Amino acid sequence: MTSTPYANRRARLAAEMTRLGGSGAIAIIPTAPEQQRNRDSDFLFRHDSYFYYLTGFSEPKAWLVLTGDGRSTLFCQPKDLEREIWDGIRMGPEAAPATLGVDEAYSVDELGQRLPKLLENKTTVWYPFATHAGLETRIDGWLQQVRARVRYGALAPEVQRDACTILDEMRLFKDAHEQAVMRRASSISAGAHIRAMQRSAAMLRAGQDVREYHLDAELLHEFRQHGSQYPAYGSIVAAGANACVLHYRADAAPIRDGELVLIDAGCELDGYASDITRTFPANGKFTGPQRALYDLVLASQDAAVAATRPGARFNDPHEATVKVLTQGMLDLGLLDKNRHGTLDDAIANRSYFAYYMHRTSHWLGMDVHDCGSYVEPTEIGQVRERTDPLSGELIKDRPSRILRPGMVLTIEPGIYVRPGEGVPEPFWNIGIRIEDDAIVTDSGCELITRGVPVDPDAIEALMKDA
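Reading the values: the criteria
Numbering of residues starts from 1 in each chain and follows the order in which that chain's sequence is written. Given that the model is predicted, a residue must reach a pLDDT of at least 70 before its local features are reported, and side-chain atom pairs must reach 80 or more before they are shown or counted; all residues, however, enter totals for whole chains, interfaces and linings. Each side-chain value is worked out from all heavy atoms of the structure, with water and hydrogens disregarded. For Phe, Tyr and Trp, where Trp contributes only its six-membered ring, two rings pair if their centres lie within 6.5 Å, and the inter-plane angle classes them as stacked under 30 degrees, edge-to-face over 60, or tilted in between. Counting from the N terminus, the helices are the DSSP runs of H or I reaching at least four residues and the strands are the DSSP runs of E reaching at least two. Buried, partly exposed and exposed residues are distinguished by accessible area as a fraction of the type maximum, computed with a 1.4 Å probe on protein chains only: under 20%, between the cut-offs, and over 50%, respectively. Whether a charge sits over a ring comes down to the Lys NZ or Arg CZ being within 6 Å of the ring centre and within 35 degrees of the ring normal. Between N-to-C directions, angles cover 0 to 180 degrees, with each direction set by a line fitted to C-alpha atoms, over the stretch in contact for helices. Roughly parallel means an angle under 35 degrees; roughly antiparallel means over 145; roughly perpendicular covers 65 to 115; every other angle is labelled oblique. Handedness of a helix crossing follows the sense of rotation of the near helix relative to the far helix, less than a right angle counterclockwise being left-handed and clockwise being right-handed. For this analysis, residues touch if any pair of their heavy atoms sits within 4.5 Å.

## Overview of the packing of aromatic side chains
Argument step 1. Scanning all chains against the criterion turns up 9 aromatic pairs.
Argument step 2. Here Phe314 and Trp363 contribute two aromatic rings whose centre-to-centre distance is 4.9 Å and whose plane-to-plane angle is 55°, an arrangement assigned as tilted. Taken together, the positions of Phe314 in the loop between helix 10 (288-306) and helix 11 (315-332) and Trp363 in the loop between helix 13 (343-348) and strand 15 (384-387) put the pair 49 residues apart, joining distant regions of the chain.
Argument step 3. When its relative accessible area of 0% is taken as the criterion, Trp363 is described as buried.
Argument step 4. Ring centres of Trp363 and Tyr374 lie 5.2 Å apart, and the angle between their planes is 10°; this geometry places the pair in the stacked category. Of this pair, Trp363 sits in the loop between helix 13 and strand 15 while Tyr374 sits in the loop between helix 13 and strand 15, and the two are 11 residues apart along the sequence.
Argument step 5. Taken together through their ring pairs, the aromatic side chains of Phe314, Trp363 and Tyr374 make up a single cluster.
Argument step 6. The ring centre of Tyr50 lies 4.7 Å from the NZ or CZ of Arg171, which sits over that ring.

Right, dumping it as structure tokens:
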């Protein structure tokens, strides 16, 4: 385990705390609590992202304390040979400084005793607000102990500030180390999607019963086979009409010849998420209506990718997607031109929302919906005036973030057609989404998930060779 990127991040956090709150700053960052699953077992532990971002340490029951001068103290589980027989080897506070690059480390059993001492004579306490149940109460208890010593000359911090304000902005920009991990996670996930596509076609050709959970199992196999610790989120494997349910989970529905399958799945690797969606014909061959809608979604994604570049706004890829999708809905008869009017009218009235009801992008990083403001910090609370590129009219809306190199976001347009009055029947129960992960570069963006194809001809060829 290398400490260099984590030590650099701690130094940046300390410097920013001092800049914003003065030299008497101190930050308290806990990892995630263990979660009980049932009577006598826990869910698989997953560290807190903020804590891991600053330490690279994945054991439970750990805390990081960082002061404005850059001095770091780790509290972790002590070595315990009996417990390690049951739960696994612990690093222990003796090995932590050399391994993690922290200045000091103590047993977590000493946390309550040492925290008040560390808080003495500090002016500002930074910790992540509203992320850990009971954290504010514990900090208040430690502060009470400091205040009890005021008569002896101790000074107690008078200000509490949200550490997420700094950390979210830091995490929004991925350094070279983070980008490399995310590329590897994306490569693993792309392989898993290919495996699921090919397995679907092969099983149907063999006349086997194919269920959503069969393809979910193929995804999990590929994730673990290549070193991923776990899925980045609950995998969506949706057959047929289930693809029109945005947050559907892999279940037991049959995968039928002639239907589409939508898979939204990505692995987590070394603390970083990937997020890929592909939609493919279960038997390896698109029907005419399926191909028409697929081509439309892919064209809208192409427009969004072209709009993802430094200097553009976060909303720009979504607006590019909406323009292409809405025109396609009018052309294909999903939207009646006599009722919904021109392209400008249909966009202004959000007529497309019946078939495309989610945003095109979200930040991606340690969390699949990663932290980071979607509004430019200098523009928070403002209303931005701009000219609509379609109508030329002046419109007012909230400002959105300016894209800069190092940001990572998804690009995931879709279309979801449920049966209904006036809806062309050949498109009923077709749900399509295409999602890729993009790193904003100096000149545009890098799609790091194209190890699995999006071109429909390439998908058909891939499944034919299964």
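Continuing now.
## Structural notes on unusual backbone geometry
Keep in mind that most residues, glycine aside, have a negative phi and that most peptide bonds are trans.
Argument step 1. Its identity as a non-glycine residue notwithstanding, Asn121 has a phi of 65°, on the positive side.
Argument step 2. On the secondary structure map, Asn121 appears in the loop between helix 5 (111-119) and strand 7 (124-127).
Argument step 3. Despite not being glycine, Asn429 has its phi angle at roughly 60°, a positive value.
Argument step 4. Mapped onto the elements of the fold, Asn429 is located in the loop between strand 18 (414-417) and strand 19 (430-433).
Argument step 5. Taking the relative accessible area as the measure of exposure, Asn429 reaches 34% and is therefore partly exposed.

## Observations regarding the packing of helix 10 against helix 11
Argument step 1. Remark: helix 10 packs on helix 11, axes separated minimally by 7 Å, with the N-to-C direction vectors making an angle of 155°. Looking at the two axes, helix 10 sits roughly antiparallel to helix 11. Here helix 10 runs over helix 11; the crossing is right-handed. Along its contact with helix 10, which presents Ala292, Leu293, Leu296, Val297, Ala299, Ser300, Ala303 and Ala304, the element helix 11 presents Pro317, Ala320, Thr321, Val324, Leu325, Gly328, Met329 and Leu332.

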